[in-house]
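Next come the chains, spelled out residue by residue.
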Amino acid sequence: AWLLPLRSCAELRVALLPSQLPRDALGALARPGGKLELLSVDGEGPKTPLSHLEPFGRAGYTALDIHGFILDAHAGEATCRLANRLDVGEPTGATLPRAQLLQCTRLADLRVRCPILSEEDVHECLAKLPALKALHVCSGEDVEPSLVGELGCLEQLRVLDLAGCLGNYYMHGEQVATENCDALVEMARGLSNLVQIDLSGHHEAFYACVEGEYDAEEMLTQMACCLDSLRVLNLSENGRKFGWAKLRREMRCLNEDLDEGGAGVTIHYGDGVSVYAAGGGGGGGGAQEDSGSADDDDDEEMSDDDW
């Protein structure tokens, strides 16, 4: 009942609503010639199905920013064309709704549960979404290294979130750390437009995700160097059981040749240190104080000026 008066708000541009609204109640906000620019639903419990926005598709909305909806098999073509941000994977089932997703020609931001995402989905569906700029892979379980490598075909991505997605050798055997490094470098070679990548959230097991047959610090630096447009690398919440000071020395190459005022790469490390490029946050390209860890006792001390 409280939604009904909003129908008379001819100048309504932003609606921030609770999730799980009845289909008819949400559809009542759609009106021909309406000026709504942002429709967001949020809250506890299941996501609101995109099909609840069918009245907006029929009313001719073409530039509505929507947030908090999940793609379902009942969404019509007009409604799919309306979507610019979506979730996929829960509670819609165990497979990607490709037919509906391929109709989402405006989709710029996708959050997907990794158990339902396959390598074929990446090539046959995600790679064919012309406006896709941000992909968030939610780790209900670890992502196979082969799938990580295939993400390199999404050439237009600018934001990639793989927080907590890498498997570790305690759970998947010793070879997985080497395979993860190979996959990250393979992925990076295809993502020349990527601005931000999130590899955080592996906590104390991060070292077991990347320390295989290779020098992990060298491989992570190689990955970053392949990302020509990279501006933010997030490795936070990855525990202290890793050679972070050594990785910082390796990563210095990313900002060594910056012109004055150049953008550079800002890196958030797992031991709480952040190195800011171009004076952002830390100022003057400096870093927060490195408190070190037991694993870094042999590393030489570096002052802020060294960064």
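Since the structure is predicted, the reported quantities are computational estimates derived from the model, not experimental observations.

**Examining the sheet that holds strand E1 (residues 14-18)**
Here comes step 1: What the three strands build is an open sheet, ordered E1-E2-E4; its pairing is parallel. A single partner strand is all that each edge strand has here, and the edge strands are E1 and strand E4 (65-67). Across the sheet, the mean angle separating the axes of adjacent strands is 10° when strand polarity is ignored.

**So, the packing of aromatic side chains**
Here comes step 1: Considering all chains together, one arrives at eight aromatic pairs under this definition.
Here comes step 2: For the pair Tyr169 and Tyr207, a centre-to-centre distance of 6.4 Å together with 80° between the ring planes defines the contact as edge-to-face. Residue Tyr169 is located in helix H7 (residues 169-172), and its partner Tyr207 is located in helix H9 (residues 207-210); the two are separated by 38 residues in the primary sequence.
Here comes step 3: Note on Tyr169: relative accessible area 24%, which makes it partly exposed.
Here comes step 4: Residue class for Tyr207 comes out buried when judged on its relative accessible area of 15%.
Here comes step 5: Pairing Phe206 with Trp244 gives two aromatic rings, centres 5.6 Å apart and planes at 10°, and the pair type is stacked. Of the two residues, Phe206 sits in the loop between strand E10 (196-198) and H9 while Trp244 sits in helix H11 (residues 244-251), which places them 38 residues apart along the sequence. A single burial state applies to Phe206 and to Trp244, both of which are buried.
Here comes step 6: Connected via pairs of aromatic rings, a cluster forms that spans Phe206, Phe242, Trp244 and Tyr269.
Here comes step 7: Across from the ring centre of Tyr269, 5.0 Å away, lies the NZ or CZ of Arg248, which sits over that ring.

**Comments concerning the pairing of strand E2 (residues 38-42)**
Here comes step 1: Note: E1 against E2, five bridges, orientation parallel. Note on E2: the bridge partner recorded for Leu17 is Val41.
Here comes step 2: Looking at chain direction, E2 and E4 are connected through three bridges and run parallel. Looking at E4, one finds that Leu39 is bridged to Ile66.

**Some points on the packing of helix H10 (residues 216-226) against H11**
Here comes step 1: H11 packs onto H10 with a crossing angle of 40° between their chain directions and a minimal axis gap of 9 Å. On the basis of their axis angle, the class for H10 and H11 is oblique. Read as a crossing pair, H10 and H11 show a hand that is right-handed. Only Lys246, Leu247, Glu250 and Met251 of H11 make contact with H10, whose side of the interface consists of Glu217, Glu218, Leu220, Thr221 and Ala224.
Here comes step 2: Its residues assigned to classes, the contact of H10 with H11 comprises four nonpolar, one polar and four charged.

**A word on the confidence of the model for the chain**
Here comes step 1: Across the chain, the average pLDDT comes to 85, with 86% of residues at or above 70.
Here comes step 2: Below a pLDDT of 50 lies the segment residues 279-307, which in the model reaches 48 contacts outside its immediate sequence neighbourhood of four places, other chains included.

What counts as what
- Residues numbered from 1 in each chain as written.
- Predicted model: local features only at pLDDT ≥ 70, side-chain atom pairs only at ≥ 80, totals over all residues.
- Heavy atoms only, no water.
- Pairing = 2+ DSSP bridges.
- Helix = DSSP H or I, 4+ residues; strand = E, 2+ residues; numbered from the N terminus.
- Axes fitted to C-alpha atoms, helices over the stretch in contact; angles between N-to-C directions.
- Phe/Tyr/Trp six-rings, centres within 6.5 Å; stacked < 30°, edge-to-face > 60°.
- Buried < 20%, exposed > 50% of the residue type's maximum accessible area, 1.4 Å probe, protein only.
- Lys NZ or Arg CZ within 6 Å of the ring centre and 35° of its normal.
- Parallel < 35°, antiparallel > 145°, perpendicular 65-115°, else oblique.
- Left-handed = near helix turned anticlockwise from the far one by under 90°.
- Contact = heavy atoms within 4.5 Å.
- Nonpolar A, V, L, I, M, F, W, Y, C, P; charged D, E, K, R; others polar.
- pLDDT = per-residue confidence, 0-100.

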